[in-house]
Each structure stands twice: as C-alpha cells, then as structure tokens.
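Structure at a glance
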Amino acid sequence: MSANKKRLIALGFVALMSLVVGLGWGIVLLALDDEIADCVKGGAAALGGNAVLGVAVILLFPFKEDERGGGGERVPPSVNRPGAPTS
C-alpha cells in the first residue's frame, strides 16, 4: 500500500472521530441545558480541536511505502548484492 493511501486512511479516521467527538460534546452540552448556540459552539470547538490534534499527530509519523509491487509480487532491490546472479 502506498504511503499516500495510508495517510488518507489515517486522515479519514481522524475526520470521523472528530465528527463523533464534536457531535457528542454538543449533545452533552444540550443535555446540560445550555442554549443551542452554545452547544453548537462547543461542539464545533471540540470537532476543530480534535481534528487539529489528530492531523498534528499523523504528521509526526512517517508513512513508508510497502516493499510489494501492485500485484503482490516482491519488488527486486535496487542495489545488487555481492554474489547475487545478475540477468
């Protein structure tokens, strides 16, 4: 799997988790009898904060390409090893 695909999956997960946290926090504020505007503000702040934190954590980790080609076969190394047959 390519590094970009791995990064896209991680960003999608962060987006979904941010949405869940933001909606959950808005519902909690609504259950605590806050005004609707305050619930929306609180949920949006939780969503934004969680998204920024998640993206920052994702950017800290390097995503590497797999050593397999597109069809699942091994990609030969680019450096010839001593004693290895060459064709």
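As a reminder, the structure under discussion sits directly above these lines.
Report follows, based on the coordinates.

What to know about the overall build of the protein chain
Along its length, the protein chain carries two helices and zero strands. For the protein chain, with 87 residues in total, the buried portion stands at 15%. In the protein chain, the proportion of contacts linking residues at least 24 apart, taken out of those at least 6 apart, comes to 62%. A total of about 7000 Å² of accessible surface is found on the protein chain, and carbon and sulfur atoms cover 68% of it.

Some remarks on the packing of helix H1 (residues 3-31) against helix H2 (residues 36-60)
Direction vectors running N to C along H1 and H2 enclose 155°, while the axes themselves pass 8 Å from each other. Judged by the inter-axis angle, H1 sits roughly antiparallel to H2. Of the two possible hands of crossing, H1 and H2 adopt the one that is right-handed. Considered class by class, the residues forming the contact of H1 with H2 number 16 nonpolar, seven polar and two charged.

Here we look at H2
Structurally, the α-helix is built with 3.6 residues per turn, so residues lying three or four positions apart point the same way. Helix length check: H2 (25 residues) gives 36 Å between terminal C-alpha atoms against 36 Å at 1.5 Å per residue, within 8%. The complete set of buried residues in H2 reads Cys39, Gly42, Gly43, Ala46, Gly54 and Ile58. As for H2, its buried residues are in contact with H1.

Quick notes on unusual backbone geometry
The phi dihedral of Asp33 falls on the positive side, at around 65°, and the residue is not glycine. Following the sequence through the fold, Asp33 ends up in the loop between H1 and H2.

What counts, and at which threshold
- Residues numbered from 1 in each chain as written.
- Predicted model: local features only at pLDDT ≥ 70, side-chain atom pairs only at ≥ 80, totals over all residues.
- Heavy atoms only, no water.
- Helix = DSSP H or I, 4+ residues; strand = E, 2+ residues; numbered from the N terminus.
- Buried < 20%, exposed > 50% of the residue type's maximum accessible area, 1.4 Å probe, protein only.
- Contact = heavy atoms within 4.5 Å.
- Areas by Shrake-Rupley, 256 points an atom, 1.4 Å probe, with all protein chains shown as cover.
- Axes fitted to C-alpha atoms, helices over the stretch in contact; angles between N-to-C directions.
- Parallel < 35°, antiparallel > 145°, perpendicular 65-115°, else oblique.
- Left-handed = near helix turned anticlockwise from the far one by under 90°.
- Nonpolar A, V, L, I, M, F, W, Y, C, P; charged D, E, K, R; others polar.
- Expected span 1.5 Å × (residues − 1).

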